[in-house]
Amino acid sequence: MTQTTLEPGLKETGMAYQTHTVALGAREFGYLAAGEGEPLLVLHTSGGPLWTPLLEMLAATRRVVMPILPGFGGSDLVEGLADPAALAGWVAQFKAAVLGGEALDVFGGSFGGQVALHLAADHPGLVRDLVLEAPSGVAVGAAPPPPGKPVLFAHPEKAEGLMPSPEIAATNSAAFRAYGGPALVDEGLLAKLDAVTMPVLVIQGTCDAVTPVQAARYLAGALPNCKMTYVYDAGHGVQVDQAEAMFKVVRHFLDKGPAFIVADRAYA
Amino acid sequence: MKFGFFNLMPWPHYPEPPKVYPTPNRDYDPLVGRELYNGYIDLLVHAETCGFDWVACNEHHFSPYGTMANCNLIGSILARETKTIGLAMVGNLLPLSNPVRVAEEYAMIDVISGGRLIAGFMRGVPHEYIAYNSPPSESRRRQKEAAELVQRCWSEPEPFGWEGEFYQFRSISIWPRPIQSPPPILMSASNVESAAIAAESRAIMGMGLIHNLDVARANVDTYYRVAEESGWAPTPEHILMGASTCICETDAEAREVFAKALDYFHDTLMKPTYDALKLVARAGFFNKQEAGSSYDNRLDKVASKKTIDEMIEAGSIFCGSPKSVVSQITRFKEKLGCGAINLSMQIGNLPVETVRRGMDLFREEVLPQVKAL
């Protein structure tokens, strides 16, 4: 059994979240949770389990549950879990253990969005509405981003205090690579997208320098029930750059499903 | 050199300089207005046969200065009544409009005209912000966001939502899409800040109300420099300069009719603009820091009484016989390096027939001498 170690950067500030553990098989895994209400399963980015301003807002009316994906946040990888599809299988186990068998809403950012799409394709009965923020693995027809360290935020000052320590960041990167990342196009995922029939909202920052806009366009065109939304003046990390703008549209979508396109002052 | 014919559709019958802002509309006579609109539209259509490369319309509110509250209404008429000439809408005031509506209307003009739209993305002068109840301090941020949204409306292949600082739309998919992908964009470059934004946006830079050729040249230099920094190279046709123009048979006639028309322009038509500017400044907006380098300054210089010769020298006007105007345009081009000039010929209270005669002289005696510049 491995004791999950939370990275030092994960301070419990603002809307208090709790850290918990759950036993899956012979091992315990950590997760973060806050709030009461309808559950929302959050799959974090390759940057690890960051408790962002967006999650804080969502937790005001929902029970937000974010598993620390194996290998991230200082935790160990799980032998045999070596790609996003396998990781999605692990998420399904986690969900059954922590949140039960009912279908629920899922939010995934970047790499977490790719895992969420695998989850939705392989276990469509588990996912009610799906929100994706700049998902990786579906940028069909896009040129690879330029080499070098990617610029994640349009407003990096908003990420101050959120980011993990250099040591944890290095292990996050190693875990990301262990799952096959970064991947412009995940062919295995594309082959099974037909199964993703639930309502999907894809969020794309207008300044995203990591996930090409072709990703959102591809999903909007390929999925039968998918809307894409630009968040203006946001980079890859929309939930940090423009948390409030993203919150308004995500909350509306999660509450109303495809009818979120009908104007409502309660969500303006 | 390319030339445009610009008509801002002024009201030529206001009895005296307006005393309050906004100008009371009790002195607008709709029946006279009907004749005026039709006369002005006839001139715009006539521009095609006079060899102009485009006709230009713009947007102003609450003032006898210009009676086109929405230039797209005129643009759609021109899209039908002309066949080949470019249609420069210079243009919709993006920060004061619904950007999706702008994208739709511009696309309609482009489609109806067979791809002849030049799309002006204008920010608007201060009095428009009073008219449409929008804080002047937001204008640059609104302009930036709206410009990006309009271009997305034209280019996105899938329905898309927009969550911005000023604009929110949950699912946009405009019908029609424009023929040109995308239509050429024109932005104001009246000061160095605007010139830089136009260059970053890869837009045609447009400048009018020139009071000093060296100052105008500095804006052109800024535009070229920022364009190079942004990774592209403008051509001379990206440099559009405007000047008020009066062409008559002789210098003496042109000077006489233009002097009267310019007095009406400055004393009567521009009065609401000055009054509004003072109110905006009094409200605490549009100081030097917010306004950029030169608007108020420039307006004062344009407004200050000058002789016809001084205005020709400053690059504000072309005025005279065809021969004189050829020489003025040649010098203007040498100083500014522009490849496009907008001739604003419906100045002040000039009669429509005087303007039409000037257009004919342009076709017969001016254009053949300056086309190859």
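Residues numbered from 1 in each chain as written. Chains lettered and ligands numbered in written order. Predicted model: local features only at pLDDT ≥ 70, side-chain atom pairs only at ≥ 80, totals over all residues.

Enquirer: Quick one: what's the story with the overall build of chain B, residue by residue and with numbers?
Expert: Helix and strand counts for chain B stand at 14 helices and 11 strands. Relative to a compact globule of 373 residues, whose C-alpha radius of gyration would be 21 Å, chain B shows 20 Å and is just as compact. Taking the principal axes of its C-alpha atoms as reference, chain B extends roughly 60 × 45 × 45 Å. Here chain B holds 373 residues, and 51% of them are scored as buried. Taking as baseline every contact in chain B between residues at least 6 positions apart, the subset at least 24 positions apart corresponds to 77%. (Helix = DSSP H or I, 4+ residues; strand = E, 2+ residues; numbered from the N terminus. Rg over C-alpha atoms; globule rule 2.2 N^0.38 Å. Buried ≥ 20, exposed ≤ 12 C-beta atoms within 10 Å, placed from the backbone. Contact = placed C-beta atoms within 7 Å.)

Enquirer: An account of the overall build of chain A is needed here, citing residue identities and associated values.
Expert: Along its length, chain A carries eight helices and eight strands. In terms of overall size, chain A behaves like a compact globule, its C-alpha atoms giving a radius of gyration of 17 Å where 268 residues would be expected to give roughly 18 Å. With the C-alpha coordinates aligned to their principal axes, the bounding extent of chain A is approximately 50 × 40 × 40 Å. A total of 268 residues make up chain A; the buried ones form 53% of that total.

Enquirer: How would you sum up the pairing of strand β7 (residues 185–188) of chain B? Please name residues and give values.
Expert: Looking along a regular strand, one sees side chains alternate from face to face of the sheet. Residues and elements named next belong to chain B. The pairing of strand β4 (residues 117–122) with β7 spans three bridges and is classified as parallel. Directly across from Ala 119, in β7, lies its bridge partner Ile 185. Sheet topology note: the β7/strand β8 (residues 204–207) ladder contains three bridges and is parallel. Its bridge partner lying in β8, Leu 186 is registered against Ile 204. Following the chain from β7 across helix α6 (residues 192–200) to the adjacent parallel β8, one finds a crossover that is right-handed. (Pairing = 2+ DSSP bridges. Right-handed = clockwise from strand over helix to strand, strands pointing away.)

Enquirer: Any details on the interface of chain A and chain B? Residues and values, ideally.
Expert: Each partner contributes residues to the interface: chain A has 17 residues there, and chain B has 14 residues. Those elements giving two or more residues to the side of chain A that touches chain B turn out to be α6 (214–222), β8 (226–231) and α8 (243–256) of chain A. Tallying contributions element by element places β8 of chain A first for the side of chain A that touches chain B, with five residues. Taken together, the residues of the side of chain A that touches chain B sort by class into 10 nonpolar, three polar and four charged. Bridging between β8 of chain A and strand β5 (residues 160–163) of chain B involves four bridges; their strand directions are parallel. (Nonpolar A, V, L, I, M, F, W, Y, C, P; charged D, E, K, R; others polar.)

Enquirer: Mind laying out the nonpolar core, listing which residues take part and the relevant values?
Expert: By size, the foremost hydrophobic cluster in this structure holds 183 residues, and its most contacted members are Leu 219 of chain A together with Val 55 and Met 205 of chain B. Every residue in contact with Met 205 of chain B, bar those within four places of it in the chain, is listed here: Met 187, Ala 189, Ala 195, Ala 198, Tyr 223, His 238, Ile 239 and Leu 240 of chain B. Of all hydrophobic cores here, the second largest spans five residues; its members include Ile 130, Ala 276, Leu 277 and Val 280 of chain B. (Core = buried A, V, L, I, M, F, W, Y, C linked by C-beta atoms within 7 Å.)

Enquirer: Can you tell me about the pairing of β4 of chain B, naming the residues and giving the values?
Expert: All names here are of chain B. Taking burial as the measure, the six residues of β4 include six buried ones, the bulk of the element. The side-chain alternation of β4 yields two buried faces, one formed by Leu 117, Ala 119 and Phe 121 and the other by Ile 118, Gly 120 and Met 122. With five bridges joining them, strand β3 (residues 86–93) and β4 adopt parallel strand pairing. Its bridge partner being in β4, Met 89 is matched across the sheet by Ala 119. Handedness of the crossover is the feature at issue here: the chain leaves β3, passes through helix α3 (residues 99–112), returns alongside β4, and the resulting connection is right-handed.

Enquirer: How would you sum up the confidence of the model for chain B? Please name residues and give values.
Expert: Here chain B averages 94 in pLDDT, while 95% of its residues score no lower than 70. Among the prediction metrics, the complex's ipTM stands at 0.93, with pTM recorded as 0.94. (pLDDT = per-residue confidence, 0-100.)

Enquirer: How would you summarise the sheet that holds β5 of chain B if you had to cite specific residues and measurements?
Expert: The strand order across the open sheet built from 10 strands is β1(A)-β2(A)-β4(A)-β3(A)-β5(A)-β6(A)-β7(A)-β8(A)-β5(B)-β6(B), with neighbouring strands paired in mixed fashion. Looking at strand neighbours, the two that pair on one side only are β1 (18–24) of chain A together with β6 (168–172) of chain B, the edges of this open sheet. Each neighbouring strand pair of the sheet contributes to a mean axis angle of 25°, computed without reference to strand direction. Pairing of β1 of chain A with strand β2 (residues 27–34) of chain A, which is carried by seven bridges, proceeds in the antiparallel orientation. When the bridges of β2 of chain A are listed, Gln 18 of chain A appears paired with Ala 33 of chain A. Strand contacts of helix α2 (residues 84–99) of chain A: β1, β2, β3 (38–43), β4 (62–67) and β5 (104–109) of chain A, with the helix running at about 110° to β1 of chain A, the strand carrying the most contacts. Packed on one face of the sheet, α6 of chain A meets β7 (200–205) and β8 of chain A and runs near 155° to β8 of chain A. (Axes fitted to C-alpha atoms, helices over the stretch in contact; angles between N-to-C directions.)

Enquirer: Give me the lowdown on the packing of helix α2 (residues 71–81) of chain B against α3 of chain B, citing residues and values where you can.
Expert: Between two packed helices, what matters for the description is the angle formed by their axes and the separation of those axes. Residue and element names in this part refer to chain B. Here α2 crosses α3 at 10°, and the two axes come no closer than 9 Å. As judged from the angle between their axes, α2 and α3 are roughly parallel. As α2 packs across α3, the resulting crossing turns out to be left-handed. Two secondary-structure elements touch here, α2 through Asn 72, Gly 75, Ser 76, Ala 79 and Arg 80 and α3 through Glu 105, Met 108, Ile 109 and Ile 112. Taken together, the residues of the contact of α2 with α3 sort by class into four nonpolar, three polar and two charged. (Parallel < 35°, antiparallel > 145°, perpendicular 65-115°, else oblique. Left-handed = near helix turned anticlockwise from the far one by under 90°.)

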